[in-house]
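This is what each chain is made of:
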Amino acid sequence: MPYQRFLLTLVCLLAPLSAFAGAPEAISGDDYHKTLASDDFSESKLGKQWRLYKGSSVVKDGVLQGIELEGGGHAAVHQLKTEPYSDVELTVDLKFAGSPSTNLTFNQHKFKGSHAGHLCRVVVSPTKVTLRDGKTGVFNNEIFKKRQAKEKLTEEEQALLKRTQAVFPVKLKKDQWYTVTVRIKGDLMQAFIDGKLIGSLRSPGIAHPTKDMIGLVTPKQSIYYDNVKVRVP
């Protein structure tokens, strides 16, 4: 059996023990002391610590606006490169202004163990928040290739995709600011909105030890971002 397929089978067997194992208590913000990066977008242009991949952006009046270019074929991705980390807290203020959702992503630059180094993410929309272990699930190299080729996934692979994400309903208003916080501790990832715990996901890919890239992903038009802060223990 090829190594990747063996690993996939092993994760499927273990996933029921690691994902959705009860309802964990909220991870405390007191666990994160060191600031790796912060930006209130008070400058007139995007700072040097940011890299814009695809799309466009406007920095005006202390706010970053992410915009997917018409016909660009990809969401606007603002990437923040930092020193490697495992546990991390990301806080960002955001306001929906046309886009259906935003992805707050945690990746490793040039990592080959998953598609484009995608590890885990939180997808926020006005109606739901989705926590996803992409390294183990949707961005697993074997699964990603099959989905791109529109090949049918095995029952094990379909079950794995379900086990590596969790969806929680919310009611968010457009044109209103919200503070979204994502905390990762070991294999546990949690999402908070305005200080309230929305949901948790425990899954093995979340514990990847050398994440070094955070992304603000804006599909369509557009989302406003402010007061980005990244902290580690």
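Just so it is clear, the model here is predicted, and its values are computed rather than measured. (Residues numbered from 1 in each chain as written. Predicted model: local features only at pLDDT ≥ 70, side-chain atom pairs only at ≥ 80, totals over all residues. Heavy atoms only, no water.)

Visitor: Explain the overall build of the protein chain here, please?
Guide: Tallying secondary structure elements over the protein chain gives three helices and 15 strands in all. Of all 233 residues assigned to the protein chain, the portion counted as buried reaches 51%. Once local pairs closer than 6 in sequence are excluded, the contacts in the protein chain between residues at least 24 apart make up 69%. As presented, the protein chain carries roughly 11,800 Å² of accessible surface, and 52% of it is formed by carbon and sulfur atoms. (Helix = DSSP H or I, 4+ residues; strand = E, 2+ residues; numbered from the N terminus. Buried < 20%, exposed > 50% of the residue type's maximum accessible area, 1.4 Å probe, protein only. Contact = heavy atoms within 4.5 Å. Areas by Shrake-Rupley, 256 points an atom, 1.4 Å probe, with all protein chains shown as cover.)

Visitor: What am I meant to see in the nonpolar core here?
Guide: Grouped together as the largest cluster of nonpolar side chains are 39 residues, with contacts concentrated most on Phe106, Val122, Val129, Met189, Val228 and Val230. Aside from chain neighbours lying at most four places away, what touches Val129 is Val122, Val123, Val124, Ala166, Val167, Phe168, Val170, Ala191, Ile193 and Ile198. Membership of the second largest hydrophobic core comes to seven residues, among which are Val138, Phe139, Leu153 and Leu161. (Core = buried A, V, L, I, M, F, W, Y, C linked by side-chain atoms within 4.5 Å.)

Visitor: Explanation requested: the packing of aromatic side chains in the structure shown.
Guide: By convention here, two paired aromatic rings are described through the distance between centres and the angle between planes. Under the defined criterion, the tally for this structure stands at two aromatic pairs. Here Phe41 and Trp50 contribute two aromatic rings whose centre-to-centre distance is 5.9 Å and whose plane-to-plane angle is 35°, an arrangement assigned as tilted. For the residue pair Phe41 and Trp50, the accessibility class agrees, reading buried in each case. When the ring centre of Phe192 is taken as origin, the NZ or CZ atom of Arg183, which lies over that ring, is 4.6 Å away. (Phe/Tyr/Trp six-rings, centres within 6.5 Å; stacked < 30°, edge-to-face > 60°. Lys NZ or Arg CZ within 6 Å of the ring centre and 35° of its normal.)

Visitor: Would you take a moment to explain the sheet that holds strand 14 (residues 211-218) for this structure?
Guide: Spatially, the seven strands line up as an open sheet ordered 2-5-14-7-8-9-10, and their pairing is antiparallel. Strands with a single pairing partner mark the edges of an open sheet, and in this sheet they are strand 2 (50-53) and strand 10 (165-169). Across the sheet, the axes of successive neighbouring strands diverge by a mean angle of 20°, strand direction being ignored. (Pairing = 2+ DSSP bridges. Axes fitted to C-alpha atoms, helices over the stretch in contact; angles between N-to-C directions.)

Visitor: Sorry, what's going on with the confidence of the model for the protein chain here?
Guide: Any region with low pLDDT has predicted coordinates that should not be read closely. On average, residues of the protein chain carry a pLDDT of 89, and 90% of them reach 70 or more. Of the regions scoring below 50 in pLDDT, residues 6-21 engages in 28 contacts with residues more than four places distant in sequence or in other chains. (pLDDT = per-residue confidence, 0-100.)

Visitor: What exactly am I supposed to notice about helix 3 (residues 155-163) here?
Guide: Residues lying three or four places apart along an α-helix face the same way, a consequence of the helix completing one turn every 3.6 residues. Considered for burial, the residues of helix 3 that qualify are Glu157, Leu160 and Leu161. Burial along helix 3 is one-sided: seen end-on, the buried residues are contained in an arc of 100°. Residues of helix 3 that are exposed and point more than 90 degrees away from the buried face comprise Glu155 and Lys162. (Arc of directions from axis to C-beta.)

Visitor: Could you clarify how one ought to interpret the pairing of strand 15 (residues 221-232) in this entry?
Guide: Regular strands have side chains that alternate between both faces of the sheet. Two strands pair when backbone bridges link them, and strand 1 (residues 34-39) and strand 15 are joined in this way by five bridges, in the antiparallel orientation. Each residue of the ladder has a partner; that of Ser38, found in strand 15, is Lys229. Looking at chain direction, strand 4 (residues 63-67) and strand 15 are connected through four bridges and run antiparallel. Paired with Ile67 across the bridge in strand 15 is Gln221. Here strand 6 (residues 88-96) pairs with strand 15 via seven bridges, running antiparallel. Paired with Phe96 across the strands is Ile223, a residue of strand 15.

Visitor: Honestly, unusual backbone geometry in this entry has me stumped. Any pointers?
Guide: Going from Gln221 to Ser222, the amide bond is cis rather than trans, its omega being -20°. Note on placement: Ser222 falls in strand 15. For Phe41, which is not a glycine, the phi torsion comes out positive at approximately 55°. Counting through the fold element by element, Phe41 comes out in the loop between strand 1 and strand 2. Unusually for a residue other than glycine, Asp175 sits at a positive phi of about 60°. With respect to the element layout, Asp175 can be found in the loop between strand 10 and strand 11 (178-185).

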